[in-house]
Amino acid sequence: GLRLRAAGFSNWVSDLIDLRFDRTDATGVDVYAYTNVGAARTYGASIDGAWQIGAGFRSEVGYAWLGTRDDTTDRPLPGRPDHTVTVGLQTMLPGRLDTTTRFRVHSRSYIDDDTYAPGYSTLDVRVARAIAWGLGAYLGVVNALDATKDPLRFGDQRPVEGRTFYVGMTAELPAEEEP
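If you're wondering where the values come from, they're calculated on a predicted model, not measured in any experiment. (Residues numbered from 1 in each chain as written. Predicted model: local features only at pLDDT ≥ 70, side-chain atom pairs only at ≥ 80, totals over all residues. Heavy atoms only, no water.)

A. Representation of the overall build of the protein chain. Looking only at helices and strands, the protein chain has 0 helices and 10 strands in total. Each helix (α) and strand (β) of the protein chain, taken in turn from the N terminus, gives the series β-β-β-β-β-β-β-β-β-β. Relative to its length of 179 residues, the protein chain is extended, with a C-alpha radius of gyration of 21 Å against a globular reference of 16 Å. The dimensions of the protein chain, computed from C-alpha atoms along their principal axes, are 60 × 40 × 30 Å. Expressed as a percentage of the 179 residues in the protein chain, the buried residues total 26%. Taking the intrachain contacts of the protein chain between residues at least 6 apart in sequence as the baseline, contacts between residues at least 24 apart amount to 51%. When the accessible surface of the protein chain is split by element, carbon and sulfur atoms take 59% of a total near 11,600 Å². Averaging the positions of the 19 positive and the 24 negative side-chain charges in the protein chain gives two centres separated by 4 Å. (Helix = DSSP H or I, 4+ residues; strand = E, 2+ residues; numbered from the N terminus. Rg over C-alpha atoms; globule rule 2.2 N^0.38 Å. Buried < 20%, exposed > 50% of the residue type's maximum accessible area, 1.4 Å probe, protein only. Contact = heavy atoms within 4.5 Å. Areas by Shrake-Rupley, 256 points an atom, 1.4 Å probe, with all protein chains shown as cover. Lys, Arg positive; Asp, Glu negative; His and termini not counted. Charge placed at Lys NZ, Arg CZ, Asp CG, Glu CD.)

Below, the structure is given as C-alpha cells:
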C-alpha cells in the first residue's frame, strides 16, 4: 500500500524561445512577448509518495523543486516557481460518496531583478456518487481558497479565474454490473 518515487532532471537548451510577461494593457489584460534566450538550463528534483489503505482511502504527498538559469544573463528564467508542494486525499465514504481533495502550494517566482510573483495556494475538492444503470453525478470546486491575480500588480502569476464551482453527470456505456 505504500509507494515512494524520486526523480531528477537537467537539460541545456540553445536558442530557447521563451514566453515572457511584458506589460498589462489599459484594459487590465496581461501582454506577453516571445524572447530568444541564447542558452538556458533547467534542473530539478521531485519526490512523492502515496499510501493506499484498503479500497476506501488513499493519500498522496509530493514536493517538486525547479531551478532555471538564463546562461546569457546569469538570471533565473522568469515565471517559474522554485518549489511546489502537493497533498491529496481520495476517500470512499458511506453512501458510495467518492471524494477527491487536492491542496497545492506554489512558491513565489522570479519575474525580473525587482519583481517576484507572489506565492499562492489552491484547494480543489470533488465529490462523486454512482447513481444507477451506469450513471453518476459529481460536484466540486476548483481554487476554493480563491487565489487570484491582482491586475494592478506587475507580473502577478496567480490564477486568473477565482473560485469555480461545477456540477456534472457521467455515464458508462454499456452499464457495468454494480456490486
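Next, the rest of the story.
B. Up close: the pairing of strand β5 (residues 97-106). Note: strand β4 (residues 83-93) against β5, 10 bridges, orientation antiparallel. In the strand pairing of β5, M92 is matched with D98. Pairing of β5 with strand β8 (residues 120-132) involves 10 bridges; the strand directions are antiparallel. In the sheet register, F103 faces β8, and the bridge partner there is L123. (Pairing = 2+ DSSP bridges.)

C. Layout of a nonpolar patch on the surface. Together, I47, V61, Y63, W65, V85, V87, F103, V105 and L145 make up a nonpolar patch on the protein surface, roughly 710 Å² of accessible area in all. Those elements giving two or more residues to the nonpolar patch turn out to be β3 (57-70), β4 and β5. The element best represented in the nonpolar patch is β3, accounting for 3 residues. For L145, the position within the fold is in the loop between β9 (135-142) and β10 (164-171). (Patch = residues over 30% accessible without salt bridge, like charges linked within 9 Å, V, L, I, M, F, W, Y side chains within 5 Å. Salt bridge = Lys/Arg side-chain N within 4 Å of Asp/Glu carboxyl O.)

D. Looking closely at the side chain of T115. Positionally, T115 belongs in strand β7 (residues 115-117). Its relative accessible area of 15% is what places T115 among the buried residues. Non-local contacts of T115, meaning those with residues more than four positions away in its chain, are made with Y110 and F154.

E. View of the sheet that holds β3. As summarised here, the arrangement of the 8 strands in space is β1-β2-β3-β4-β5-β8-β9-β10, forming an open sheet in which the pairing is antiparallel. In this open sheet, the two strands that pair with only one neighbour each are β1 (2-24) and β10. Taking each pair of neighbouring strands and ignoring which way they run, the sheet shows an average axis angle of 15 degrees. (Axes fitted to C-alpha atoms, helices over the stretch in contact; angles between N-to-C directions.)

F. How the structure looks around the packing of aromatic side chains. Per the counting criterion, the structure on display carries 3 aromatic pairs. Between Y43 and W65, the ring centres sit 5.6 Å apart and the planes meet at 50 degrees, which makes this aromatic pair tilted. Taken together, the positions of Y43 in strand β2 (residues 30-53) and W65 in strand β3 put the pair 22 residues apart, joining distant regions of the chain. Ring geometry for Y138 versus Y166: centroids 6.1 Å apart, planes at 55 degrees, classification tilted. (Phe/Tyr/Trp six-rings, centres within 6.5 Å; stacked < 30°, edge-to-face > 60°.)

G. Focus on the pattern of salt bridges. If you walk through the whole model with that rule in mind, you get 9 salt bridges. Among the salt bridges present, the one from D48 reaches R5, with a minimum N-O distance of 3.2 Å. Here the residue D48 occupies a position in strand β2, and R5 occupies one in strand β1, the gap between them amounting to 43 residues. Between R58 and E60 there is a salt bridge, with its nearest N and O atoms 2.8 Å apart.

By themselves, these observations are geometric and do not establish any function.
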